[in-house]
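Here is how the chains run, residue by residue.
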Amino acid sequence: MTDSWNVLSLLKDYYAPQMSDEELLPVCEAASSELSAMIKPGADPNDIRLVCAAAAMANYRLNARSVYSESGISSFKAGDVSISVSGSEAVASAKADRDDALRRALPLLIDDGFFFGQVNI
């Protein structure tokens, strides 16, 4: 299984979530566990592509959870400057990051896709 502490470190470096390690580690462990079921036998579970994929999966989970636990809008105002981000936009961005990270890790993942079709001549 991909080391959860490596995933946590990368999650904090890449995505800078505003939570403590104690709050983030279970999410990283869940992402590592989910990813470990997809890793090819013999592949190094601590390959950077897999660590990045697990961190992206954890980030996606955190963003999805924040949308459902809050109103979905996050805003900040300091003086005349106001910044607001839609929760659905953050989830869409996190999903795109997750999908990209999983695509990069494809050589290390089990191919579980199957296509059955008919050729008409």
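One structure accompanies this document, and this report is about it. Because the structure is predicted, anything quoted here is derived from the model rather than measured.

The rules we used
- Residues numbered from 1 in each chain as written.
- Predicted model: local features only at pLDDT ≥ 70, side-chain atom pairs only at ≥ 80, totals over all residues.
- Heavy atoms only, no water.
- Helix = DSSP H or I, 4+ residues; strand = E, 2+ residues; numbered from the N terminus.
- Expected span 1.5 Å × (residues − 1).
- Buried < 20%, exposed > 50% of the residue type's maximum accessible area, 1.4 Å probe, protein only.
- Phe/Tyr/Trp six-rings, centres within 6.5 Å; stacked < 30°, edge-to-face > 60°.
- Lys NZ or Arg CZ within 6 Å of the ring centre and 35° of its normal.
- Core = buried A, V, L, I, M, F, W, Y, C linked by side-chain atoms within 4.5 Å.
- Contact = heavy atoms within 4.5 Å.

1. Side note on helix α2 (residues 21-36)
Alright, step 1. The end-to-end C-alpha distance of α2 is 21 Å, a good match for the 22 Å that 16 residues give at a rise of 1.5 Å each.
Alright, step 2. Where α2 is concerned, the buried positions are L24, L25, V27, C28, A31, S32 and L35.

2. Looking at the packing of aromatic side chains
Alright, step 1. The final tally for this structure, using the stated rule, is one aromatic pair.
Alright, step 2. Between Y14 and Y15, the ring centres sit 6.3 Å apart and the planes meet at 75°, which makes this aromatic pair edge-to-face.
Alright, step 3. Using a relative accessible area of 53% as the deciding quantity, one classes Y14 as exposed.
Alright, step 4. Y15 sits in the partly exposed class, given a relative accessible area of 25%.
Alright, step 5. If you follow R98 out to its NZ or CZ, it ends over the ring of Y60, 4.3 Å from the centre.

3. Some points on the nonpolar core
A general feature of soluble globular proteins is that nonpolar side chains tend to end up buried together.
Alright, step 1. If you look at the biggest cluster of nonpolar residues, it comprises 25 residues, and the most contacted ones within it are V7, L11, C28, L35, L50, A58 and L109.
Alright, step 2. Those elements giving two or more residues to this core turn out to be α1 (4-15), α2 and α3 (48-69).
Alright, step 3. Tallying contributions element by element places α3 first for this core, with ten residues.
Alright, step 4. Leave out the neighbours within four places in its chain, and C28 touches S4, V7, L8, L11 and A58.

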